Amino acid sequence: MQNHYSGLINRYRERLPVSDKTPVISLCEGDTPLIKLANLPAETPNGADISMYVKFEGLNPTASFKDRGMTMAVSKAAEEGAKAIVCASTGNTSAAAAAYAARAGMTAFVLIPEGKIAMGKLAQAMMYGAVVIQIRGNFDDGMELVKRVAKEAPVAIVNSINPFRLQGQKTAAFEITEALGRAPDYHCIPVGNAGNISGYWIGFSEMCGHNTESCTLCNGQCPFLADPKVTTRPRMVGYQAAGAAPFMRNGKVENPETVATAIRIGNPQSFDLAKAAVDESGGWFDELTDEEILAMQKRLANREGIFCEPASAVSVAGALRDIENGKIAPGSVVTCTVTGHGLKDPDVAIAQCQEPVVTIDANLEAVKQAILGNLPG
Ligand SMILES: *Cc1c(COP(=O)(O)O)cnc(C)c1O
């Protein structure tokens with residue numbers, strides 16, 4: 001089984017903080033497709049000569065990018081002898097924590113905001129056997145409680161304040177750079193707790209052997225310094241939901257609200273790292289309304305065949321808007337992280353499909369009429 005892909009720790013072992021003593025807890029996460037968009041750029045003003053790709057992270061084992069960080073966090077927790085892990089979550093972190101804990105023989109405690117988690121994510125946490133703790137509060141409340149309880153109970157935190165999470169998540173930037181044979185000009189990404197954008201910046205930076213003197217990220221430990229693979233880094237562009245956009249308000253948002261529950265976060269734990277990534281790279285932050293987010297979720301599905309959850313559509317919606325208004329230069333190579341799968345949140349998806357399902361008698365004539373009446377003009 002020499003060529004069997006066995007997950008991102010084994011794939012990038014020499015670039016990650018693991019040793020022979022680290023038990024690898026993996027579900028073969030990573031190695032997700034980088035899909036070139038076939039229709040949307042050409043349908044966008046100024047988009048005809050843009051090469052646009054989505055990194056479809058919904059195709060990870062628990063259907064979001066959280067698996068990349070979780071394989072690292074749980075493997076390191078196992079190495080340190082942990083028996084239990086804990087996280088606050090808008091849903092996907094709890095699904096990933098629960099799955100990797102199950103595999104490692106650990107107990108996962110997950111704190112979720114009552115009534116604000118997509119149905120698929122709750123189903124996952126329950127099936128994988130996590131102890132699900134609903135709190136009457138939002139993600140930010142859960143995060144504060146997790147930080148405090150970890151000081152008083154024997155549980156390892158696996159939220160992205162755990163530095164091993166970002167180390168795992170940086171590998172998506174390695175994969176993008178390897179797939180393109182170069183760095184993209186712009187990398188666009190949804191921002192919630194702001195760990196992922198920070199992880200990608202570490203990854204893109206390590207790929208080009210950046211100058212560590214000024215780098216706050218790798219502290220001189222960058223394994224690519226001696227052997228850079230490329231010479232550039234992308235501009236990092238972070239998009240938020242308008243009702244949960246602390247980077248646009250320059251500080252905490254007290255009662256974050258958005259249909260994109262995965263990024264319904266008002267007090268991002270990696271605020272400073274993400275801000276530094278965007279500033280250093282010459283990128284920017286921007287925001288999208290729930291209407292724009294849902295419209296793009298649907299367009300991505302029915303024009304490109306890519307079904308993602310609402311939070312994930314934010315990167316593509318923002319990128320296409322910035323292509324149209326010229327902020328993203330003509331001729332650019334643009335990559336977008338599409339963070340999670342659409343099947344996570346079937347309720348929101350069905351609610352925005354207005355066309356009724358056709359119901360007919362089970363006979364040939366009725367089926368024929370249904371087809372002939374709906375052929376493209
Ligand atoms: C966690 C998550 C995000 C936000 O990532 P951060 O690292 O918290 O900024 C975006 N989309 C989905 C689907 C997520 O699960």
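What comes next concerns the included structure.

Rules used throughout
- Residues numbered from 1 in each chain as written.
- Predicted model: local features only at pLDDT ≥ 70, side-chain atom pairs only at ≥ 80, totals over all residues.
- Heavy atoms only, no water.
- Helix = DSSP H or I, 4+ residues; strand = E, 2+ residues; numbered from the N terminus.
- Rg over C-alpha atoms; globule rule 2.2 N^0.38 Å.
- Areas by Shrake-Rupley, 256 points an atom, 1.4 Å probe, with all protein chains shown as cover.
- Lys, Arg positive; Asp, Glu negative; His and termini not counted.
- Charge placed at Lys NZ, Arg CZ, Asp CG, Glu CD.
- Buried < 20%, exposed > 50% of the residue type's maximum accessible area, 1.4 Å probe, protein only.
- Arc of directions from axis to C-beta.
- Near = heavy atom within 4 Å.
- Polar contact = N/O pair within 3.5 Å; in protein donor to acceptor, adjacent residues only side chain to side chain.
- Nonpolar A, V, L, I, M, F, W, Y, C, P; charged D, E, K, R; others polar.
- Patch = residues over 30% accessible without salt bridge, like charges linked within 9 Å, V, L, I, M, F, W, Y side chains within 5 Å.
- Salt bridge = Lys/Arg side-chain N within 4 Å of Asp/Glu carboxyl O.
- Phe/Tyr/Trp six-rings, centres within 6.5 Å; stacked < 30°, edge-to-face > 60°.

1. What to know about the overall build of the protein
Okay, step 1: Within the protein one finds 14 helices and 10 strands.
Okay, step 2: Expected size for 377 residues packed as a compact globule is a radius of gyration near 21 Å; at 21 Å, the protein falls within 12% of this value.
Okay, step 3: Accessible area of the protein: about 16,200 Å², with a carbon and sulfur share of 53%.
Okay, step 4: Within the protein, the 40 negative side-chain charges are centred at a point lying 4 Å from the centre of the 34 positive side-chain charges.

2. A few points about helix H4 (residues 119-127)
Okay, step 1: What H4 keeps buried is the set Lys 121, Gln 124 and Ala 125. Along H4, the residues classed as buried sweep out an arc of 95° about the axis, all on the same side. Across H4 from its buried face, at more than 90 degrees, point the exposed residues Met 126 and Met 127.
Okay, step 2: Two residues or fewer past H4, Gly 129 is found with a positive phi of approximately 90°.

3. As for the site of the ligand
Okay, step 1: Surveying the vicinity of the ligand reveals 16 residues, the closest of which are Lys 66, Asn 92, Asn 193, Ala 194 and Thr 339.
Okay, step 2: For the ligand, an oxygen atom lies 2.7 Å from a polar atom in the side chain of Asn 92.
Okay, step 3: Thr 339 is positioned such that a nitrogen or oxygen atom in its side chain is 2.7 Å from a nitrogen atom of the ligand.
Okay, step 4: Protein coverage of the free-state accessible area of the ligand, which is 380 Å², stands at 97%.
Okay, step 5: Breaking the shell around the ligand down by element, the ones donating at least two residues are helix H8 (195-207) and helix H12 (310-324).
Okay, step 6: For the shell around the ligand, a count of residues per class yields 6 nonpolar, 8 polar and 2 charged.

4. Some thoughts on a nonpolar patch on the surface
Okay, step 1: Taken together, Val 358, Ile 360, Val 367, Ile 371, Leu 372 and Leu 375 make up a surface patch of nonpolar side chains, about 540 Å² in accessible area.
Okay, step 2: Position of Val 358 relative to the elements: it lies in the loop between helix H13 (346-351) and helix H14 (364-372).
Okay, step 3: Overall, the relative accessible area of 58% leaves Val 358 in the exposed class.

5. Regarding the packing of aromatic side chains
Okay, step 1: Summed over the entire model, instances satisfying the criterion amount to 5 aromatic pairs.
Okay, step 2: Where Tyr 200 meets Phe 204, the ring centres are 6.2 Å apart and the plane angle is 45°; that geometry is what we call tilted. Here Phe 204 and Tyr 200 lie together in helix H8, a separation of 4 residues that amounts to about one turn.
Okay, step 3: Accessibility expressed as a relative area gives 1% for Phe 204, which makes it buried.

6. Re unusual backbone geometry
Okay, step 1: Of note, the phi angle at Cys 28 is positive, near 65°, even though the residue is not glycine.
Okay, step 2: Tracing the backbone shows Cys 28 in the loop between helix H1 (8-11) and strand S1 (34-36).
Okay, step 3: Positive phi is not limited to glycine here, since Asp 31 has a value of about 55°.
Okay, step 4: Inspection of the secondary structure assignment puts Asp 31 in the loop between H1 and S1.

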